[in-house]
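Okay, here's what each chain looks like letter by letter:
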Amino acid sequence: MTRLSVNINKIATLRNARGGDYPNVLQAAKDCERFGAEGITVHPRPDERHIRYSDAREIGPIVSTEFNIEGYPSKKFIDLVIEVKPHQVTLVPDAPDAITSNAGWDTVKYKNQLKDIISDFQRHGIRTSIFIDTKKENIENAPKTGTNRIELYTEPYAELYVANREKAIEPFVFAAKLAHKQGLKINAGHDLNLDNLKFFADNIPFLSEVSIGHALISDALYYGMENTIQMYLRLLKKY
Ligand code: PXP
């Protein structure tokens, strides 16, 4: 069964727009879990324009499902993750000024760097995942970093899905099979939504987890958070 982890960054973006504490991100994390979310994801960025480092520290202890912190492994990020000790850390190669993550790791070029960081996290009992595209050599080299999981970067799937979903899913099926054969668990995320999630989940073998933020929080404006989470869970065959 594929777990649904809800990325609550956009709730922090809304809070930050007024500078106060409403909506409250801690309450949002608790409510998402109450409505069925099987994990909470946050992605603190260096400018803290949405989730702040202090939010991650406060959310950690109250998450009762699975807490995933994702981000670029700067010294500050690594220190935060080791302090908070989430269930999972997802490493993303995004530049400090990126609007959103827009690429996966080059696991050939960054193998040694990733290996050191990953072993450090694992020594602290934190499961690791690396954000990665479907390129064969990136998948083939992923195990050499020592990571427990990969997170497939699904934006290319979401983009092509509208025009040709069979073609869009092909490289992801190939990548998932190859990763599984190498003993890696598979997560996925980016631009997954109510339209494209079901076809993805139905076709990708061994899919452990999806993390979804932008579309899910936007859908909640229309359907409400509880309904929306249930709708996403239904697409993952939870109901
Ligand atoms: N996975 C990673 C590594 C991400 O950086 C993001 C965006 O923060 C997501 C998943 C979720 O993407 P979206 O907000 O498009 O659902």
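Refer to the structure printed above.
My aim in this report is to walk through the structure given alongside it, one point at a time. (Residues numbered from 1 in each chain as written. Predicted model: local features only at pLDDT ≥ 70, side-chain atom pairs only at ≥ 80, totals over all residues. Heavy atoms only, no water.)

Turning our eyes to something else, we now look at the packing of helix H3 (residues 53–62) against helix H4 (residues 75–84). Contact pair H3 / H4: the axes reach a minimum separation of 10 Å and the direction vectors enclose 15°. On the basis of the axis angle, H3 is roughly parallel to H4. Where H3 crosses over H4, the two elements pack in a sense that is right-handed. Contact residues: Tyr53, Ala56, Arg57 and Gly60 in H3; Lys76, Phe77, Leu80, Glu83 and Val84 in H4. (Axes fitted to C-alpha atoms, helices over the stretch in contact; angles between N-to-C directions. Helix = DSSP H or I, 4+ residues; strand = E, 2+ residues; numbered from the N terminus. Parallel < 35°, antiparallel > 145°, perpendicular 65-115°, else oblique. Left-handed = near helix turned anticlockwise from the far one by under 90°. Contact = heavy atoms within 4.5 Å.)

It is characteristic of soluble globular proteins that their nonpolar side chains tend to be buried jointly. Membership of the largest hydrophobic core comes to 73 residues, with the highest contact counts inside it found for Leu4, Ile8, Ile59, Leu91, Ile150 and Ile229. It is helix H8 (residues 165–181) that provides the largest number of residues to this core, a total of eight residues. Setting aside chain neighbours within four positions, we find Ile59 in contact with Ile8, Val25, Leu26, Ala29, Ile40, Val42, Ile51 and Phe67. (Core = buried A, V, L, I, M, F, W, Y, C linked by side-chain atoms within 4.5 Å. Buried < 20%, exposed > 50% of the residue type's maximum accessible area, 1.4 Å probe, protein only.)

This part is about the sheet that holds strand S8 (residues 207–212). One closed barrel holds the eight strands; their spatial order is S1-S2-S3-S4-S5-S6-S7-S8, and the pairing between them is parallel. Strand-to-strand twist of the sheet, defined as the mean angle between neighbouring strand axes without regard to direction, takes the value 25°. Relative to S8, strand S1 (residues 3–7) runs parallel, the two sharing four bridges. Bridge pairing in S8 places Val6 opposite Ile212. Lying on the sheet, H3 is in contact with strand S2 (39–42) and strand S3 (67–71); it crosses S3 at an angle near 160°. (Pairing = 2+ DSSP bridges.)

Right, let's talk about the pattern of salt bridges for a bit. This model, assessed by the stated rule, comprises 14 salt bridges. Its salt-bridge partner being Asp79, residue Lys75 comes within 2.7 Å of it at the nearest N-O pair. You can see Lys75 and its partner Asp79 sitting in helix H4, four residues apart, about one turn around the helix. Exposure remark for Asp79: the relative accessible area of 39% places this residue in the partly exposed category. With a shortest N-O distance of 4.0 Å, Glu209 and Arg149 are connected by a salt bridge. A residue pair is termed long-range when its members are at least 10 positions apart, and Glu209 in strand S8 and Arg149 in strand S6 (residues 149–153) qualify at 60 residues. Arg149 sits in the buried class, given a relative accessible area of 9%. Connected through shared salt-bridge partners, Arg3, Glu66 and Arg127 make up one network. (Salt bridge = Lys/Arg side-chain N within 4 Å of Asp/Glu carboxyl O.)

Moving on, we come to the environment of Lys76. When you line up the elements, Lys76 lands in helix H4. Expressed as a C-alpha distance, the spacing of Lys76 and Tyr53, which sit 23 residues apart in the sequence, is 9.2 Å. Here Lys76 is in contact with Glu48 and Tyr53, once residues within four sequence places are set aside.

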